[in-house]
Structure formats: structure tokens, C-alpha cells
Amino acid sequence: GDIAGPFFEHLFLAACIRTHTERRAVDAERELVRLKQLRYMKPHVGEEFEGTVSGVIGSGFFVELDDLFVEGFCPLRLLDDYYEYDEHRLRLLCPQTGVTVRLGTRATIQIVRVDLDVRQMDLLLLTAVSEPMKQNGSEASTVGEESGSAPGAGVYDREKDVGAHDAQGLIH
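Report on the accompanying structure. (Residues numbered from 1 in each chain as written. Predicted model: local features only at pLDDT ≥ 70, side-chain atom pairs only at ≥ 80, totals over all residues. Heavy atoms only, no water.)

Turning next to the nonpolar core. In this structure, Met-41, Phe-61, Tyr-83, Ile-109, Ile-111, Met-121 and Leu-125 are the most contacted members of the largest nonpolar core, which totals 25 residues. Among the secondary structure elements, those contributing two or more residues to this core are α1 (4–41), β1 (48–57), β2 (60–65), β7 (106–115) and β8 (120–130). For Phe-61, the residues in contact, after removing those within four places along its chain, are Val-53, Gly-55, Val-56, Gly-72, Phe-73, Cys-74, Leu-79, Leu-92, Val-101 and Leu-125. (Core = buried A, V, L, I, M, F, W, Y, C linked by side-chain atoms within 4.5 Å. Buried < 20%, exposed > 50% of the residue type's maximum accessible area, 1.4 Å probe, protein only. Helix = DSSP H or I, 4+ residues; strand = E, 2+ residues; numbered from the N terminus. Contact = heavy atoms within 4.5 Å.)

Moving on: the sheet that holds strand β4 (residues 84–86). Taken in spatial order, the 3 strands make up an open sheet running β4-β5-β6, and their pairing is antiparallel. Of all the strands in the sheet, just β4 and β6 (100–102) have a single pairing partner and so form its edges. Across the sheet, the mean angle separating the axes of adjacent strands is 20° when strand polarity is ignored. Here β4 runs beside strand β5 (residues 91–93); their pairing, made up of 3 bridges, is antiparallel. Looking at the pairing, Glu-84 lines up with Leu-93 of β5. (Pairing = 2+ DSSP bridges. Axes fitted to C-alpha atoms, helices over the stretch in contact; angles between N-to-C directions.)

Among the 10 residues in β7, 7 count as buried, and that is most of the element. In this sheet, β7 lies alongside β1 in antiparallel orientation, the contact comprising 5 bridges. Bridge pairing links Thr-52 to Arg-106 in β7. As judged from the 9 bridges shared by β7 and β8, these two strands associate in the antiparallel manner. Residue Thr-108 lies in a different strand from β8, and its bridge partner there is Thr-127. Here β7 hands over to β8 after 4 residues, with Arg-119 in that stretch at a positive phi of 55°.

Spelled out as C-alpha cells, the structure:
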């Protein structure tokens with residue numbers, strides 16, 4: 001008989017088991033890092049941080065905090081304005097104000113909640129400044145202009161819109 005067939009079958013099975021084990025180890029490491037990040041951030045609920053939008057989805061956006069490399073989620077339900085999700089450009093656009101939130105938007109946020117059980121940190125957007133989109137030769141960004149901003153830039157300032165006392169009230 002041909003022993004190559006069973007040998008390669010055994011080798012393939014061993015490789016599959018090893019790959020599965022390595023994936024589980026990577027997942028466990030990520031989970032541990034996330035838990036340690038959130039434990040570090042828990043005492044900072046209510047504090048303000050600067051960060052950069054690192055992801056945009058229909059229900060909100062992710063912000064990575066400067067210097068800490070911790071990411072949190074800013075759900076749209078915490079914002080006062082209505083935002084439309086543009087999945088082709090991966091951005092959120094507020095038709096009333098012209099403010100656009102997209103990858104790279106600089107933001108000042110407040111940590112509203114840290115939930116260790118679900119490994120989640122909720123953020124409240126305080127201010128955001130989005131740079132104008134680069135023109136592809138066809139059209140410019142649809143973001144509205146504000147005084148002092150470059151064409152196509154959007155500026156959001158929660159204190160100007162709702163007052164500092166309202167922003168603080170969410171965390172009590």
C-alpha cells in the first residue's frame with residue numbers, strides 16, 4: 001500500500017488543529033487587551049479626550065483616543081442632530097448643519113459609559129472638525145461651510161448647540 005495518503009491526511013488534520021488553536025489564542029489576547037484598556041478607562045468616565053474617527057457605521061462612529069490607543073463608540077442616539085449614513089463614502093452627514101463625520105475627523109469626546117461585561121465604551125461627541133474632501137475632478141464635498149472653515153469642512157460644537165450643563169447631564 002500507499003502510505004503517503006494517510007500521512008498527508010494526518011498532516012492536514014494536524015495543521016487544521018494548529019491553525020484553530022492559534023486563532024483562539026489571538027482572539028483571547030485581543031479580548032484581554034480590550035479588557036485591560038477598559039479597566040484603565042473606567043475611572044475616567046465623565047472626562048474629555050481628543051481623538052480621531054477610526055470607523056463609521058449606520059448607528060454611529062468609532063473614535064480612537066489620542067496617546068491611549070483605546071477605541072470607543074459614539075452612538076448617534078446620543079447626538080442631538082439627525083445624521084444620514086452614506087455607505088458609499090463611509091460618512092455620516094447632518095443635513096441641517098452640514099457637519100460630516102468620516103474617517104480621520106478630529107473629535108473631542110466625553111466618556112459616557114464603560115461596560116466591562118460587554119467590552120464597550122460609549123462616547124459623547126462634544127466637538128468635531130472634518131477636513132474638506134479632496135476633489136476628484138468631478139465634485140467637491142457636499143459639506144456646508146461655516147465661517148472660519150475651509151469650503152467643504154464641517155464643525156460641530158455641542159456646547160454651542162445645547163449648553164455645557166446638558167452635556168454633563170448624560171453621565172449622572
